[in-house]
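Residue-level structural notes
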Amino acid sequence: MGMATGTPNRLVRLVLPPFPLVPPGTNGGVTINGTVWSILGGFLCSVFNLWMDSISNIWPTDDGVWTEYVPRVLLFGAICGGVGSLLDSILGATLQMTYWDEESKQVCHEPKLDGHGKPRKHIAGLYPFLSNEEVNFVSVVMTSLLGGWVVAPIICR
């Protein structure tokens, strides 16, 4: 998210201890700005969910719809947005390798040599296990499962 919002380098930290500064675009890099936008994105998805419920005639008809149902749906979306972002960052920081190409001053996902024959610097990732697309898929599945089995039962008690 920091890369998408143009957050400067000094605010991007790797999600794993010791939380070093990393360039924007580094897998596992997090910013306060990006985290807030992820939470707001989950909240916005909940707003659209409520809107679809209302136009689809599956809106609850009991008296507690505004005091119980709506706040719970909005809270659920916001929590899942934050959890999903955190999971994506943790998976990216651990299971996806990231390299720095000093010549082009860019984050790369391949350990190839730069234009001068020097290897790129490893800046994040413990195991070269997943691609970016696979990290996204796994984090969506994990967020969905956690949302349904952990977050929803807590919120909907």
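Residues numbered from 1 in each chain as written. Predicted model: local features only at pLDDT ≥ 70, side-chain atom pairs only at ≥ 80, totals over all residues. Heavy atoms only, no water.

Right, let's get into the overall build of the chain. Looking only at helices and strands, one finds four helices and five strands in the chain. Moving toward the C terminus, one meets the helices and strands of the chain in the order α-β-β-α-α-β-β-β-α. Taken over the C-alpha trace, the chain has a radius of gyration of 19 Å; the compact-globule value for 157 residues is 15 Å, which it surpasses by more than 25%. Taken over the C-alpha atoms alone, the chain extends approximately 70 × 30 × 30 Å along its principal axes. Here the chain holds 157 residues, and 35% of them are scored as buried. (Helix = DSSP H or I, 4+ residues; strand = E, 2+ residues; numbered from the N terminus. Rg over C-alpha atoms; globule rule 2.2 N^0.38 Å. Buried < 20%, exposed > 50% of the residue type's maximum accessible area, 1.4 Å probe, protein only.)

A separate point is a nonpolar patch on the surface. Where nonpolar side chains cluster on the molecular surface, the patch consists of F43, L44, V47, F48, W51, M52 and I55 and spans about 650 Å² of accessible area. Within the secondary structure, L44 is located in helix α2 (residues 32-55). On the basis of relative accessibility, which here comes to 43%, the residue L44 falls in the partly exposed class. (Patch = residues over 30% accessible without salt bridge, like charges linked within 9 Å, V, L, I, M, F, W, Y side chains within 5 Å. Areas by Shrake-Rupley, 256 points an atom, 1.4 Å probe, with all protein chains shown as cover. Salt bridge = Lys/Arg side-chain N within 4 Å of Asp/Glu carboxyl O.)

This part takes up the packing of helix α3 (residues 65-95) against helix α4 (residues 132-155). Where α3 meets α4, the axes come as close as 9 Å, and the angle between the chain directions of the two elements is 140°. Seen along the crossing, α3 lies across α4 with a hand that is right-handed. Residues R72, L75, F76, I79, C80, V83, G84, L87, D88, L91 and G92 of α3 form the contact with α4, whose own contacting residues are V135, N136, V138, S139, M142, T143, L146, G147, V151, A152 and I155. (Axes fitted to C-alpha atoms, helices over the stretch in contact; angles between N-to-C directions. Left-handed = near helix turned anticlockwise from the far one by under 90°. Contact = heavy atoms within 4.5 Å.)

The subject of this paragraph is the sheet that holds strand β3 (residues 98-101). Across the sheet, which stays open at both edges, the three strands sit in the order β4-β3-β5 with antiparallel pairing between neighbours. Of all strands in the sheet, those with a lone pairing partner are β4 (106-108) and β5 (121-124), marking the two edges. Averaged over all adjacent pairs, the angle separating strand axes in this sheet is 40°, with direction ignored. Relative to β4, β3 runs antiparallel, the two being bridged by three bridges. (Pairing = 2+ DSSP bridges.)

Once that is clear, we can look at the confidence of the model for the chain. Averaged over all residues, the pLDDT of the chain is 86; the fraction at 70 or higher stands at 92%. When mean pLDDT is compared element by element in the chain, α4 scores highest at 95, while helix α1 (residues 2-5) scores lowest at 51. (pLDDT = per-residue confidence, 0-100.)

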